[in-house]
Protein chains: 2
Amino acid sequence: MYNRIYNFSAGPSMLPLPVLEQARDDMMNYQGSGMSVMEMSHRSKVYDAIIKQAEADLREVMNIPDNYKVMFLQGGASMQFANVAMNIMKTGKADYIVTGQFSGKAYKEAQKFGDAHLAATTKEENFTRIPRQEELDLRPDADYVHICFNNTIFGTKWDYIPDTGDVPLVADMSSCILSEPVDVTKFGLIYAGAQKNVAPAGLTIVIAREDLLREDLDKAVPTMCNYATMAENESMYNTPPCYPIYICGLVLNWIKNLGGLEAMKKINEDKAAMLYDCLENSKLFSNPNDKASRSMMNVTFRAEDDEINAKFVKEATAAGFANIKGHRSVGGMRASIYNAMPTEGVAALCEFIKKFEAENL
Amino acid sequence: MYNRIYNFSAGPSMLPLPVLEQARDDMMNYQGSGMSVMEMSHRSKVYDAIIKQAEADLREVMNIPDNYKVMFLQGGASMQFANVAMNIMKTGKADYIVTGQFSGKAYKEAQKFGDAHLAATTKEENFTRIPRQEELDLRPDADYVHICFNNTIFGTKWDYIPDTGDVPLVADMSSCILSEPVDVTKFGLIYAGAQKNVAPAGLTIVIAREDLLREDLDKAVPTMCNYATMAENESMYNTPPCYPIYICGLVLNWIKNLGGLEAMKKINEDKAAMLYDCLENSKLFSNPNDKASRSMMNVTFRAEDDEINAKFVKEATAAGFANIKGHRSVGGMRASIYNAMPTEGVAALCEFIKKFEAENL
């Protein structure tokens, strides 16, 4: 009815149709306020209700305990690479597990601020798998252990939560937050750029155990990078990214209406299984990753012949499967099937893969 | 037709009606792309055209020379308080002129990173005026001089561009950017949170003379805070705040259609003159500021009796004049009349002031 297409972008990515319809309907006058959400003072009562409800719904949907602070920040995950190091390195030691490009960037950024130790990496295997617990070289006196829970580019995901003993676990969940239930109590800090599963770009969610936050950081830490200051001011130290927070609220409401994260997980598992099954049955395409480490959100696949890959991308794009080209460091194709990608979109892609295979084998 | 109200918020604030209508109409499917702007990959061709056009239009509208970089960043002006110091302090010395709350915060933040010198302040006069050139205690060997060009809270504005000799002038223009033409060549760096005259909250525009940028900063500067890195990557080091940038483009198009910044200035001057004239003729209310230092964007006014002020705020709010209450550090009322506030809104407020006065004198 809107002539919309299936958008397999790794992020920013699809938003649920009812969310967009609501945003459209609210645009000129939000709930009788006489203004758009984009025009509201962040200190007004009408906006206060929006941000408070978004936080309450996030806490409910993710089952976030009371001793965790929720922050709505800016700068993306890349800003948090520095913020985590500047805030959570108390003694100056942290362990990093590198399983892809973004965890690699986080590791590199942390080296600016202290002794960042490479506790494990699967780089030599082109990040086709997540390291096992026994491969992790963890230091018991580290301030935290950092992981990226889902690797957007390589299409892998931690299938277990690593045991870090008493050392807090910090996770970048940008590309998997809200895709399934996660035990927040197993993490000291979770952060996520919103532009995959939560909201449009420009919002970053940080969920932090409050005992890890401290106001008194090094002199050279910008105030805007101080988690304790942001938390204490309830994300209102300065003007927050108001509109993405409003969309986040609509998305959370959509998830609640579906039945919460258990229901979301079931839908996502089914979508991913459909696509992985299709690839396993394919004589042309395959997924390069270790089965246990497969991502539920980002599915990479490729033919051995790069001309076939290029042809597939071209024809799929023309057929309305947008942003299906893989990242240059992996090649081939990548289908990002986040929460908002409907099951029919994945089914249509599987049909297209079969049709293409029949024509090109 | 939409039952919209006149919103005098200091920011986020009103957006032009045609901009909101376009955003609403584009919501489900932007120009046949099959997706919302919020859903687009920032690396896609369709989005690339949006951000490139926004930059081109900003350069055209503001007449920005080629040796200036334009960046679309996050974090608001508050993040730039630190970024300016971390990036532009080469020798570690900078002069700050404090004319209100935000310039005061910028000055305080800069002290974290070097020798920030208070070159002038009108704090003792409760910031009712801008200091004159001869009052400025500028150091010829400073790396830059920092000013806030329009003071949102106190309703004052620089009526001249201070002469800083060879020392670059850095200006926070959050609450006056795009309100009138400004000679960019007189500044080394201009920054502005977008949520007053440009776009919804979550976008910060930085315009910097390229010779001031350097990649090689102190080790402890987060990569996301490095202007040279952001400029080199054309605001795409990571995912930018895509949707506010799109709205910024619509706003620039609206300004171009009105006739550019000269035409905008004429409209703004007329609106401000109408309100200031009304206050000058009032026996109940007055504006506390030095005439030469009056802001064209933020007009403060108050009665001597605080009960009258409270009554005015209450009745004005009930009559549909939203967010008219002054900041707690000034008291009374404040009408922020940014670009998108229609002339009729200011006229209606003036009528209301006269009516209120007739009833309460």
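In case you missed it, the structure is sitting above this.
Residues numbered from 1 in each chain as written. Chains lettered and ligands numbered in written order. Predicted model: local features only at pLDDT ≥ 70, side-chain atom pairs only at ≥ 80, totals over all residues. Heavy atoms only, no water.

Engineer: Sorry, what's going on with the interface of chain A and chain B here?
Structural biologist: Reports of interface size often rely on the accessible area that becomes lost once the parts have come together. On the side of chain B, 62 residues touch chain A, which itself brings 62 residues to the contact. It is Met28(A), Met38(A) and Glu39(A) that lose the most area in chain A upon contact with chain B, and together they represent 16% of the buried surface on that side. Among the ionic pairs, Arg4(A) bridges to Glu39(B), the shortest N-O distance being 2.8 Å. Viewed at the interface, chain B and chain A are joined by 30 residue pairs in polar contact (both at pLDDT 80 or more). (Contact = heavy atoms within 4.5 Å. Buried area = accessible area lost by both parts, 1.4 Å probe. Salt bridge = Lys/Arg side-chain N within 4 Å of Asp/Glu carboxyl O. Polar contact = N/O pair within 3.5 Å; in protein donor to acceptor, adjacent residues only side chain to side chain.)

Engineer: When you look at the relation of the copies chain A and chain B in this model, what are you seeing that I'm missing?
Structural biologist: Comparison of the two chain copies shows a relationship of rotation about an axis with a shift along it. Mapping chain A onto chain B calls for a rotation angle of 180° and an axial translation of 0.0 Å; the resulting RMSD is 0.0 Å. These values place the two chain copies in the arrangement generated by a two-fold rotation axis. Within chain A, the C-alpha atom positioned nearest to the axis of rotation is that of Arg24(A), 2.5 Å from it. Most of the interface of chain A is mirrored in chain B: 100% of its interface residues are interface residues there too. (Least-squares fit on C-alpha atoms with pLDDT ≥ 70 in both.)

Engineer: Explain the packing of helix α1 (residues 17-26) of chain A against helix α6 (residues 242-258) of chain A here, please?
Structural biologist: Residue and element names in this part refer to chain A. In contact at an axis separation of 9 Å, α1 and α6 are set at 135° when each is read in the N-to-C sense. Viewed along their axes, α1 and α6 adopt a mutual orientation that is oblique. Between α1 and α6 the crossing geometry is right-handed. Packed against α1, whose contacting residues are Pro18, Val19, Gln22, Ala23 and Asp26, the element α6 presents Tyr243, Tyr246, Ile247, Leu250, Val251 and Trp254 at the interface. Here the residues of the contact of α1 with α6 are counted per class, giving nine nonpolar, one polar and one charged. (Axes fitted to C-alpha atoms, helices over the stretch in contact; angles between N-to-C directions. Helix = DSSP H or I, 4+ residues; strand = E, 2+ residues; numbered from the N terminus. Parallel < 35°, antiparallel > 145°, perpendicular 65-115°, else oblique. Left-handed = near helix turned anticlockwise from the far one by under 90°. Nonpolar A, V, L, I, M, F, W, Y, C, P; charged D, E, K, R; others polar.)

Engineer: What is the right way to read the side chain of His117(B) from this model?
Structural biologist: Residue and element names in this part refer to chain B. Tracing the backbone through its elements, the reader meets His117 in strand β4 (residues 115-121). The class for His117 is buried, based on a relative accessible area of 19%. If we skip the residues at most four places from it in the chain, His117 touches Ala94, Asp95, Tyr96, Tyr107, Asp137 and Arg139. (Buried < 20%, exposed > 50% of the residue type's maximum accessible area, 1.4 Å probe, protein only.)

Engineer: Would you mind going over the packing of helix α7 (residues 260-280) of chain A against helix α9 (residues 343-360) of chain A with me for this structure?
Structural biologist: The relative placement of two packed helices is expressed as an angle between their axes plus a distance between the axes. Residues and elements named next belong to chain A. At a minimum axis separation of 10 Å, α7 and α9 run at an interaxial angle of 0°. Between α7 and α9, the angle falls in the class roughly parallel. Each of Ile267, Lys271, Met274, Leu275, Cys278 and Leu279 in α7 lies in contact with α9, whose residues at this interface are Thr343, Val346, Ala347, Leu349, Cys350 and Ile353. Taken together, the residues of the contact of α7 with α9 sort by class into 10 nonpolar, one polar and one charged.

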